[in-house]
Amino acid sequence: ATGVNSPELRGISFTVRFILSLFVIQFIISSINTREKYVTVMKYFLWMVCIFALFPLLQIILISIFNIEIGNIYYERSAIRIGGYVGEPSVLAGMLCCGLFSIVATILFKNNIISFNKHFLMVFLGIIIIDLYMTSSTSIITAIMLSVIIFARKYLSKKSIILAIILIITLLSSSIFQSSVLFKVGRQLSTVNIRSLSWVVGFNTILDNPISGIGIGQAPFYVAPYLPHQSDIPFEVDRYFKFSESRYTPMNTYLEFLAETGFVGLLLLFLFIRSVYMHHRNRDKTNDQHFIQFAFGVGLFTIAIAINSFPGGFYLGYLNFMIGMYIAGLKIYSTSFEKTVLMS
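Residues numbered from 1 in each chain as written. Predicted model: local features only at pLDDT ≥ 70, side-chain atom pairs only at ≥ 80, totals over all residues. Heavy atoms only, no water.

1. What to know about the overall build of the protein chain
From N to C terminus, the protein chain includes 15 helices and two strands. Taken over 344 residues, the protein chain has a buried fraction of 48%. In the protein chain, the proportion of contacts linking residues at least 24 apart, taken out of those at least 6 apart, comes to 75%. (Helix = DSSP H or I, 4+ residues; strand = E, 2+ residues; numbered from the N terminus. Buried < 20%, exposed > 50% of the residue type's maximum accessible area, 1.4 Å probe, protein only. Contact = heavy atoms within 4.5 Å.)

Right, here's the structure in full:
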């Protein structure tokens, strides 16, 4: 634990990260203040998503056919998980998810924001789905499936719903998917493991520091005192996991945030989520706003579900981008904004 990750500096560095995240969101909202700018950003964003999806595909081809490893590749039992060049498979899956819903929205929704060749985008949608499958990221894949189930009736046509159902059934019937995702969900929720122990540590930390928490960035340094007693765990934690030594933060972004900021942080988080929701609620239901709601709103909902199983979600750069684009889009594609432009 050295440098900005040391006990002396970690709190300061993570507080700065929070502030910078808020600055990024505000910068996007204030800078992308015309429809022309929003169209330009969306165009480059979709191109970047397509280019970004090619590297994981290259990884899959090289490791599967030629047994050549590039980037980050992880082995779990007999399965292979890819991490692209960004590290953890869940990080790669989250970044792919950031673009997934925008591509689907561009294919399905009539809008005046972005126009791409739909056959071209369908090819890259298939690539992204393959990439996501090979990350075996339980949190992201499960969250995507839940979001599709929840929002399909509101946003998708009958044909699109049928295709989504077929895809989900195909995945559920795959033995690889069952072992790497479905069974993993069952194991994580029903057994004592690193993730479930980290949740216990998080809850114990909150109960002992309910008002202001232990401080931003401090969760890793409070693992040992809040671990359950050895008598309450059916095996020796440090012998098998070296839990205290590895300084696992609560593997749930909300637990991590509440442990570090307490009731004060909970209140601020509630106010932030409420402000985003109210902005969504008060928008007009135009075709362009339906596009934005699906492209970024459903994407944000998906990430909000997924960060229940990994820490540090509020520091993610793609999450800041999605929030900024969501609010900026709802704002400049409202009828009130259009009237203001015409009057000026």
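From this point on, the discussion continues.
2. As for the nonpolar core
Core analysis: the biggest nonpolar cluster contains 80 residues, and Tyr38, Met42, Ile140, Phe291, Phe294 and Phe296 have the highest contact counts within it. The greatest single-element share of this core, amounting to 11 residues, is contributed by helix α3 (residues 89–108). (Core = buried A, V, L, I, M, F, W, Y, C linked by side-chain atoms within 4.5 Å.)

3. Notes on the packing of helix α2 (residues 35–66) against helix α13 (residues 287–306)
For the pair α2 and α13, interaxial distance at closest approach is 14 Å and the crossing angle is 40°. Considering the angle they form, α2 stands oblique to α13. Helix-helix and strand crossings are classified by hand; for α2 and α13 the assignment is left-handed. Side by side, α2 and α13 meet where Tyr38, Met42 and Phe45 of the first sit next to Phe291, Ile292 and Phe296 of the second. (Axes fitted to C-alpha atoms, helices over the stretch in contact; angles between N-to-C directions. Parallel < 35°, antiparallel > 145°, perpendicular 65-115°, else oblique. Left-handed = near helix turned anticlockwise from the far one by under 90°.)

4. Structural notes on a nonpolar patch on the surface
Together, Val4, Leu9, Ile12, Val16, Ile19, Leu20, Leu22, Phe23, Phe272 and Ile273 make up a nonpolar patch on the protein surface, roughly 940 Å² of accessible area in all. Mapped onto the nonpolar patch, the elements with two or more residues apiece are α1 (10–31) and α12 (253–281). Of the residues forming the nonpolar patch, the biggest block, six residues, is contributed by α1. Examined against the element boundaries, Phe23 turns out to sit in helix α1. (Patch = residues over 30% accessible without salt bridge, like charges linked within 9 Å, V, L, I, M, F, W, Y side chains within 5 Å. Areas by Shrake-Rupley, 256 points an atom, 1.4 Å probe, with all protein chains shown as cover. Salt bridge = Lys/Arg side-chain N within 4 Å of Asp/Glu carboxyl O.)

Read these as geometric descriptors, not functional statements.
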